[in-house]
Amino acid sequence: MIIATLCWGGNAVAGKMAVGHVSPMVLTFLRWTLAVAIIAAISLPYLVRDWPIVKKRLPYFFVLGAVGYTCFNATLYTALRYTSAINVAVIQAGIPMVIFAMNFALFRTQVLIGQIVGFFLTIAGIALLASHGDLLSLINLEMNIGDAIMLLAVLSYAVYTVILRWKPAVDWRTLMAVPAAAAMITSVPLMVWEMHENTAVWPDAKGWVITVYTAVFPSLVAQIFFILGVERIGPNRAGLFINLIPVFGTLLSVLVIGEVLHPYQVIALLLALSGIAVAERKKPPVP
């Protein structure tokens, strides 16, 4: 679980390092093209076995890949053109709270007081981050465009997580491979748009290293280790490790690319993680 979250935390740093070396939509397309090739190689027997089920649910798998893979990563990499990797890492801490809010709104999931407190703590942390320590600026809607785009990434991944409740009974390798193929397909129009706008940047040597990292580690290694972790320690304990993603993302941003960690970012991270801890302390029983 630690390796999985370390890989995912490094995704924000890789996206920041990609600026000027490979553009967001080109990176998204190449990432999923490489990932599909690798995943297909290890998933083919399971894909063949599960194909009758997949064929009936193709639109579902297509939406999974488009929302959770393409939209999330395209918006994350775009956000990193305008904001810091630290901000992107910390804003990701809001994903569990957005999932909580969506489950309540759509399915009337039972809510405990601790979850409500946790929700507002996390929101306060993200607001502090988005305003760069000046909450009054939010009144005038003075938000960094990169932070605003990252909020869209958080929303897309929350939607992806919520709709996973309807996943069919297929092998986990199939559940990785088919949405990844859908992500590759749905990233093509975004890359074409980037080319049309003359903003496409094809990877140089450093860009290719970053592309391979995103294809192998966040897309493949992290997914496999997360699944294996859930099998060994259970979903409840495994879910707590997700909170390490913004921590690793923040640390790697400082250590690898030398970003400066400001006091308001530390406070925002602590607020977000405290909110998640309070919300996770006592969940309602699973029906």
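Everything below is about the structure printed above this text.
Keep in mind that what you see is a predicted model, and the values were worked out from it rather than measured. (Residues numbered from 1 in each chain as written. Predicted model: local features only at pLDDT ≥ 70, side-chain atom pairs only at ≥ 80, totals over all residues. Heavy atoms only, no water.)

**Description of the packing of aromatic side chains**
Across all of its chains, the model carries 8 aromatic pairs by this definition. Both rings, one in Phe72 and one in Tyr157, keep their centres 5.0 Å apart while their planes meet at 55°; by these two values the pair is tilted. In this pair, Phe72 is assigned in helix α3 (residues 58–79) and Tyr157 in helix α7 (residues 145–163), connecting sequence segments 85 residues apart. By relative accessible area, Phe72 is classed as buried at 7%. Tyr157 sits in the partly exposed class, given a relative accessible area of 23%. (Phe/Tyr/Trp six-rings, centres within 6.5 Å; stacked < 30°, edge-to-face > 60°. Helix = DSSP H or I, 4+ residues; strand = E, 2+ residues; numbered from the N terminus. Buried < 20%, exposed > 50% of the residue type's maximum accessible area, 1.4 Å probe, protein only.)

**Re unusual backbone geometry**
You will see that Asn198, though not glycine, has its phi angle at about 60°, which is positive. Relative to the assigned elements, Asn198 resides in the loop between α8 (172–196) and α9 (205–233). On the accessibility criterion, Asn198 (72% relative accessible area) is exposed.

**Examining the side chain of Asp50**
Looking at where Asp50 falls in the secondary structure, it is placed in helix α2 (residues 24–56). Judged by its relative accessible area of 5%, Asp50 falls in the buried class. With sequence-adjacent residues up to four places away left out, Asp50 is seen in contact with Val170, Asp171 and Thr174. (Contact = heavy atoms within 4.5 Å.)

**As for the nonpolar core**
Ranked by size, the top nonpolar core spans 27 residues in total, and within it Phe72, Leu76, Leu80, Val88 and Met150 carry the most contacts. At the level of secondary structure, the elements contributing two or more residues to this core comprise α1 (2–18), α2, α3, α4 (85–91), α5 (95–107) and α7. The greatest single-element share of this core, amounting to 6 residues, is contributed by α7. If sequence neighbours within four positions are ignored, Met150 has contacts with Phe72, Leu76, Ala79, Val88, Ile91 and Gln92. (Core = buried A, V, L, I, M, F, W, Y, C linked by side-chain atoms within 4.5 Å.)

**Looking at α5**
Residues three or four positions apart in an α-helix share a direction because the helix packs 3.6 residues into each turn. Taking 1.5 Å of rise per residue, 13 residues should cover 18 Å, and α5 covers 18 Å from first to last C-alpha, within 8% of that figure. Those residues of α5 not exposed but buried are Ile95, Met97, Ile99, Phe100, Met102 and Asn103. Of the residues trailing α5, Arg108 is marked for its positive phi of about 50°. (Expected span 1.5 Å × (residues − 1).)

**Quick notes on the pattern of salt bridges**
Taken as a whole and assessed by the stated rule, the structure comprises 3 salt bridges. A salt bridge links Asp171 to Arg49, with the nearest nitrogen and oxygen atoms 3.9 Å apart. One end of the pair, Asp171, is in the loop between α7 and α8; the other, Arg49, is in helix α2, and 122 residues separate them in sequence. Residue Asp171 is classed as buried on the basis of its relative accessible area, which comes to 13%. With relative accessibility at 52%, the residue Arg49 sits in the exposed group. Among the salt bridges present, the one from Arg173 reaches Asp171, with a minimum N-O distance of 2.7 Å. (Salt bridge = Lys/Arg side-chain N within 4 Å of Asp/Glu carboxyl O.)

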